[in-house]
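# Observations on the model geometry
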Amino acid sequence: MESMERLLEVMRRLRGPGGCPWDRAQTHESLVPYLLEEASEAADALLEGNPQEMAEELGDVLLQVAFHSVIAEEEGRFTYGDVERAIVEKLIRRHPHVFGEATAKTPEEVKARWEDLKAKEGKKEDPCGLPKGLPTLLRAYELQRKGIDPGSEEGLRKALEEGDLEEALWHLVGLFAAKGMDPESALRKRSLKACRQG
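As a starting point, this report considers the structure included with it. Remember, predicted model here, so these are calculated numbers, not experimental data. (Residues numbered from 1 in each chain as written. Predicted model: local features only at pLDDT ≥ 70, side-chain atom pairs only at ≥ 80, totals over all residues. Heavy atoms only, no water.)

## Some details on helix α8 (residues 136-145)
For α8, a buried count of seven out of ten residues is recorded, marking the element as mostly surrounded by other parts of the structure. All of the buried residues in α8 are Leu138, Arg139, Ala140, Tyr141, Glu142, Leu143 and Gln144. In this fold, the buried residues of α8 make contact with α10 (165-179) and α11 (183-197). At the exit of α8 stands Gly147, carrying a positive phi of roughly 85 degrees. (Buried < 20%, exposed > 50% of the residue type's maximum accessible area, 1.4 Å probe, protein only. Helix = DSSP H or I, 4+ residues; strand = E, 2+ residues; numbered from the N terminus. Contact = heavy atoms within 4.5 Å.)

## Focus: a nonpolar patch on the surface
Residues Ile87, Val88, Leu91, Ile92, Val98 and Phe99 make up a contiguous nonpolar surface patch of about 520 Å² in total accessible area. When contributions to the nonpolar patch are tallied by element, the ones reaching two or more residues are α5 (80-93) and α6 (96-99). Ranked by residues supplied to the nonpolar patch, first place goes to α5 with four residues. Looking at where Leu91 falls in the secondary structure, it is placed in helix α5. (Patch = residues over 30% accessible without salt bridge, like charges linked within 9 Å, V, L, I, M, F, W, Y side chains within 5 Å. Areas by Shrake-Rupley, 256 points an atom, 1.4 Å probe, with all protein chains shown as cover. Salt bridge = Lys/Arg side-chain N within 4 Å of Asp/Glu carboxyl O.)

## So, helix α7 (residues 107-120)
Note: α-helices contain 3.6 residues per turn, so residues at a spacing of three or four share the same orientation. Taking 1.5 Å per residue, 14 residues should reach 20 Å; α7 reaches 20 Å between its end C-alpha atoms and fits that length. Looking one or two residues past α7, Gly122 carries a phi angle of roughly 70 degrees, positive in sign. (Expected span 1.5 Å × (residues − 1).)

## Overview of the packing of helix α1 (residues 2-15) against helix α4 (residues 51-75)
Between α1 and α4, the shortest axis-to-axis distance is 9 Å and the interhelical angle comes to 60 degrees. It follows that α1 is oblique to α4 by the angle criterion. The handedness of the crossing between α1 and α4 is right-handed. Contacts between α1 and α4 involve Met4, Leu7, Leu8, Met11, Arg12 and Arg15 from the first element and Leu62, Leu63, Ala66, Phe67, Ser69, Val70, Ile71, Glu73 and Glu74 from the second. When grouped by side-chain class, the residues that make up the contact of α1 with α4 number ten nonpolar, one polar and four charged. (Axes fitted to C-alpha atoms, helices over the stretch in contact; angles between N-to-C directions. Parallel < 35°, antiparallel > 145°, perpendicular 65-115°, else oblique. Left-handed = near helix turned anticlockwise from the far one by under 90°. Nonpolar A, V, L, I, M, F, W, Y, C, P; charged D, E, K, R; others polar.)

The following block contains the structure:
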């Protein structure tokens, strides 16, 4: 917590009188592209596995948390303490097999319980029960993982024969879903490989 307080102090200084003009001009809305960019860069670092880069990029994600927390603090809306409290409470609430009397022996059981508890909490999602900001490839994967219009090898073959690439992509994602493999991470890894070869 001491290290986090130091980061918050730096952000308050940057946002305060005599601080940085750019940092002082930012809003929750203006920072959204940076949050998405930093999360993507962290994902790249995690997939590449370089410990130094992982720590640096995760730090950039943490900076976004601090930035938004300080802006909200200035506005009197919430503080970093509220952010931390909310996630701690959520982790305890959604892990009754660890912090309560429930049991779960497999990762699949844990995931199913998590989704059930999330639904009971009335989490704001789209009509299909997914977060609205989910990347499209992950959205297609999650839909098919839930059994909504699942793709198949036969469907992929047919779509390719007919030249329907949109339908082919849907069925290809379905093959990933059937194997429990995240196509977003797979494509990200392959893209990184292409960049290294190029």
